[in-house]
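# A structural walkthrough
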Amino acid sequence: MKSKINVILVDDVDFSRKVVSFIIKKNFHDQVNIIEAKSCNDVVNILNKKNIIHGIITDIMMPNGDGLDLIKVLSENNYHIPVAIVSSVKATILEKVMDLAEVSGVAIVNSYNKPISAEEVISTIDFFNVNRIEDRKMLFEDVKQNDLVELYYQPIVNFSSHRIDGVQVSPHWKNQKASAVAESVFLPDINDMKNTAGFMNLMFTLLERDIKSKFSDYRYTFRINVKDILICDDDFINHVFDKIEKETKDKIIVVVEFSEDVVLLDKLTENLEKLLSDGVRISIELVENDMQCKLLEQGIALSNICFEYKKNVFNDIKRFKELHGKDIPIIIGNIQKVNQQQASLDYGFECLQGDFITSEMKNDKLVKWINAYESETENLQCERF
C-alpha cells in the first residue's frame, strides 16, 4: 500500500460496522484508518474536520441521514470521494440511488449485498488505495447514461417584435411521480441539486446534446441558471466550459443566480469576464442585494436582466433603471396567469423592450411550438417592420 488511507464506514447497525472493520484490520493491519459513522449526519461532522478521506463504505437506509442524503452532501460540497454501497435494499431502490449518484457527480465504485464477503471488502480497500482521486476532473466527465434527469424549455417572446429571443432551460426529474425511492425516502428537490458541480455539469452536457440534435437550425439563445458559488469555482468554470464546443457556447446565456452565502466579488467578476471572453453571454436574476449592485458597478456586459413576476414588479424595474441607469433588455419571468401575461405585455409595449417566459415543455414539443408560433405571427411581424 502506498501509504495509510482513511476510510469511513457508515451503517446504523453496530454489528455490520464491526464485521467490516474486523475484515479490514485483519488484512490491512494499521495501513487503513477506519472512521465509523452511524448516519450521513456523522459523515458530515467527520468531513467538516477537513480529514482527507480516500473512500466511504456505506449502507443506504439509515435514520438521521440516509444514503441519498450522503450522495447529496458529497455532491453539494464537491467531495471527490469514491463510495462503495453495502446494503440489503431492493434492486429498484439501489438502481435509483446509483442513478442519482451518477447525475450528481458522485463515484459509486461498486455495490454489494449484505452480508458483504471478506473478498469484497478487500477488493474495495484495494480500489480506494490504487485509485486515490487527486483530481476533480472526474466530477466533470460526461454522464454516459442518464435515467433520472431531463431538461424542460420555456420560449421567451419579445414584447416589441413578437419574435422569440431565447429559451429558458430548467431541469426536472424524469418521472416526478416515481421520485419516491422507498417509503418516506425521496429524491432531493431538483432545485437543491443546482448547487452541485456534478449536477450542473450534467445540465450543460444535456443542453449541448439537445442543441446539436434538436436545435442546430435555430438561432435562439438558451438561458441556464448557475449559482454564484459555482461560478467562483475555477475547476467548474475550466472543466465544464472548456469542453463545450464554440457553436454551443455562442447559444448559451449563463444567468447568475445569487445565493444567501457570501461570495468573493473579485473572483465572481474574474470568472464572469473569463466566460465573456470565451464567447458565453451573461445575465443576472435580480433580487436586489448588495452583491448584485456591486457586480453591476463592475461593468460586466450583461445580455439582459431577469425580474420575477410578483406584486409591484414594474415599480421594481422602474426603480432599477433610475438607480443604475442601465439600458439592458428586461425579462419578466415566472408568469403564471393570463392577466399577468396581459399586464406584462402592456408594460412591455410601453417600454418597447422586455420579454416574458411561456410555460415549460420538452425539447420535441419546443420545436413544434416554435414552428407554430412563428407561422402564426409572421404577418404581424411583417406589419410592424
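Criteria and thresholds
- Position numbers for residues count from 1 along each chain, tracking the sequence in the order it is written.
- For a predicted model such as this one, the threshold for reporting local features is a pLDDT of at least 70, and the threshold for listing and counting side-chain atom pairs is 80 or more; totals across whole chains, interfaces and linings nevertheless cover every residue.
- Side-chain numbers come from the whole structure's heavy atoms, not from hydrogens or water.
- Relative accessibility thresholds used throughout: buried, under 20% of the residue-type maximum; exposed, over 50%; partly exposed, between the two (1.4 Å probe, protein chains only).
- A run of H or I in DSSP becomes a helix once it reaches four residues, and a run of E becomes a strand once it reaches two; helices and strands are each numbered from the N terminus.
- Paired strands are those between which DSSP finds at least two bridges.
- When the strands point away from the viewer, a crossover counts as right-handed if the path from the first strand over the helix to the second runs clockwise.
- UniProt positions are given in the numbering used here, feature names are shortened, and annotations may be inferred rather than shown by experiment.
- We call two residues in contact when some of their heavy atoms are within 4.5 Å.
- Side-chain atoms alone can form a polar contact between residues adjacent in sequence; in general such a contact is a pair of N or O atoms within 3.5 Å, and within protein one must be able to donate a hydrogen while the other accepts it.
- Charge counting treats Lys and Arg as positive and Asp and Glu as negative, with His and both chain ends excluded.
- Every case where a carboxyl oxygen of Asp or Glu lies within 4 Å of a side-chain nitrogen of Lys or Arg is listed as a salt bridge.
- Axis definition: a line fitted to C-alpha atoms, over the contacting stretch in the case of helices. Angles run 0 to 180 degrees between N-to-C directions.
- Here is the rule for angles: anything less than 35 degrees is roughly parallel, anything more than 145 is roughly antiparallel, 65 through 115 is roughly perpendicular, and the remaining ranges are oblique.
- Each crossing gets its hand from how the near helix is turned against the far one by less than a right angle, where anticlockwise is left-handed and clockwise is right-handed.
- Under the convention adopted here, Pro, Cys and the residues Ala, Val, Leu, Ile, Met, Phe, Trp and Tyr are nonpolar, Asp, Glu, Lys and Arg are charged, and Gly plus all remaining residues are polar.
- By nonpolar core is meant a set of buried Ala, Val, Leu, Ile, Met, Phe, Trp, Tyr and Cys residues that side-chain atoms within 4.5 Å join together.
- Stacked, edge-to-face and tilted labels apply to pairs of Phe, Tyr and Trp rings (six-membered ring for Trp) whose centres lie within 6.5 Å, assigned for plane angles under 30 degrees, over 60, and everything in between, in that order.
- A cavity here means a set of 1 Å grid points, computed over protein atoms only, where a 1.4 Å probe fits but cannot escape. A pocket is an open set with protein on both sides within 12 Å along at least 5 of 7 lines, and lining residues have an atom within 4 Å of a point.
- Grid points are joined across faces, edges and corners, and a volume is the space filled by probe spheres set on the points.

### As for the pairing of strand S1 (residues 5-10)
S1 sits mainly inside the fold: six of its six residues count as buried. The alternating pattern of S1 places Ile5, Val7 and Leu9 and Asn6, Ile8 and Val10 on opposite faces, both of which are buried. As paired elements, S1 and strand S2 (residues 32-37) share six bridges and run parallel to each other. Bridge pairing links Ile8 to Ile35 in S2. For the handedness criterion, the β-α-β arrangement of S1, helix H1 (residues 14-28) and S2 is classed as right-handed. Of the strand pairs in this sheet, S1 and strand S3 (residues 55-58) are connected by four bridges, and their pairing is parallel.

### Considerations on the UniProt feature "modified residue: 4-aspartylphosphate" (unreviewed entry) in the chain
In the numbering used here, UniProt assigns the feature "modified residue: 4-aspartylphosphate" (unreviewed entry) to Asp59. Residue position: Asp59 is located in the loop between S3 and helix H3 (67-76). Assessed through its relative accessible area of 7%, Asp59 is described here as buried. Discounting chain neighbours no more than four positions away, the residues touching Asp59 are Val10, Asp11, Asp12, Gly67, Val86, Ser87 and Lys114. In terms of polar contacts, Asp59 uses its side chain to reach the side chain of Ser87, at 3.1 Å.

### Thoughts on the side chain of Arg223
Along the polypeptide, Arg223 turns up in strand S10 (residues 221-227). For the buried residue Arg223, which engages in no salt bridge, the nearest side chain bearing the opposite charge is Glu285, 6.2 Å off.

### Here's the deal with the environment of Thr205
Inspection of the secondary structure assignment puts Thr205 in helix H7 (residues 197-213). Measuring from C-alpha to C-alpha, the distance between Thr205 and Lys243 comes to 9.4 Å, with 38 residues separating the pair along the chain.

### Concerning the side chain of Gln168
Structurally, Gln168 is set in strand S7 (residues 164-173). Looking at Gln168, its side chain comes within polar contact range of the side chain of Asn225, at 2.8 Å.

### Overview of the packing of H1 against helix H5 (residues 118-130)
Running from amino to carboxyl end, H1 crosses H5 at an angle of 65°, the nearest separation of the two axes being 10 Å. In terms of axis orientation, H1 runs roughly perpendicular to H5. Two packed elements cross with a definite hand, and for H1 against H5 that hand is right-handed. Of H5, the residues touching H1 (which contributes Val20, Ile23, Ile24, Asn27 and Phe28) are Ala118, Val121, Ile122, Ile125 and Asp126. Of the residues belonging to the contact of H1 with H5, the class tally is eight nonpolar, one polar and one charged.

### Describing the nonpolar core
In this structure, Ile8, Ile56, Phe204, Phe236, Phe241 and Ile305 are the most contacted members of the largest nonpolar core, which totals 95 residues. Per-element tally for this core: the top contributor is H7, with nine residues. Setting aside anything within four residues of it in sequence, one finds Ile305 in contact with Ser283, Ile284, Leu286, Leu296, Phe320, Ile328, Pro329, Ile330 and Ile331. In terms of nonpolar packing, the next biggest core, distinct from the first, is built from 17 residues, Leu9, Ile57, Ala84 and Ile125 among them.

### Notes on the packing of aromatic side chains
Taken as a whole and judged by the stated rule, the model has ten aromatic pairs. A ring pair is formed by Tyr218 and Tyr220, whose centres lie 5.7 Å apart and whose planes are at 25°; its orientation type is stacked. Relative accessible area serves as the criterion here: at 17%, Tyr218 is assigned to the buried category. Taken together, a centroid distance of 5.8 Å and an interplanar angle of 75° make the contact between Phe307 and Phe320 edge-to-face.

### Here's the deal with unusual backbone geometry
When glycine is set aside, most residues are seen to have a negative phi, and most peptide bonds are trans. Between Lys114 and the following residue, Pro115, the backbone shows a cis peptide bond with an omega angle of -5°. Relative to the elements of secondary structure, Pro115 occurs in the loop between strand S5 (108-113) and H5. Of note in the backbone geometry, His29 takes a positive phi value of approximately 55° without being a glycine. Structurally, His29 is set in the loop between H1 and S2.

### Describing the pattern of salt bridges
Evaluation of the coordinates by the stated rule reveals 16 salt bridges. Glu36 is the partner of Lys18 in a salt bridge, and the nearest nitrogen-oxygen pair spans 3.5 Å. Remark: Glu36 occurs in strand S2 and Lys18 occurs in helix H1; sequence separation between them is 18 residues. By relative accessible area, which is 30% here, Glu36 ends up partly exposed. For Glu270, the salt bridge goes to Lys267, with nearest N and O atoms at 3.4 Å. Taken together, the positions of Glu270 and Lys267, both in helix H11 (residues 265-277) and three residues apart, correspond to about one turn of that helix.

### Section: the packing of H11 against helix H12 (residues 290-297)
Viewed as axis vectors pointing N to C, H11 and H12 meet at an angle of 50°, and their least axial separation amounts to 11 Å. With respect to their mutual orientation, H11 and H12 come out oblique. Every pair of crossing elements has a handedness; the one defined by H11 and H12 is right-handed. In this structure, H11 contributes Leu265, Leu268, Thr269 and Leu272 to the contact, and H12 contributes Met291, Lys294 and Leu295. Considered class by class, the residues forming the contact of H11 with H12 number five nonpolar, one polar and one charged.

### Section: empty space enclosed by the protein
With the rule as written, the count across this model stands at two cavities of 30 Å³ or more. Roughly 50 Å³ of internal volume is contained in the largest cavity. Elements represented by at least two residues in the lining of the largest cavity include exactly H3 and strand S4 (83-87). The element that contributes the greatest number of residues to the lining of the largest cavity is H3, accounting for four residues. For the lining of the largest cavity, a count of residues per class yields eight nonpolar, two polar and one charged.

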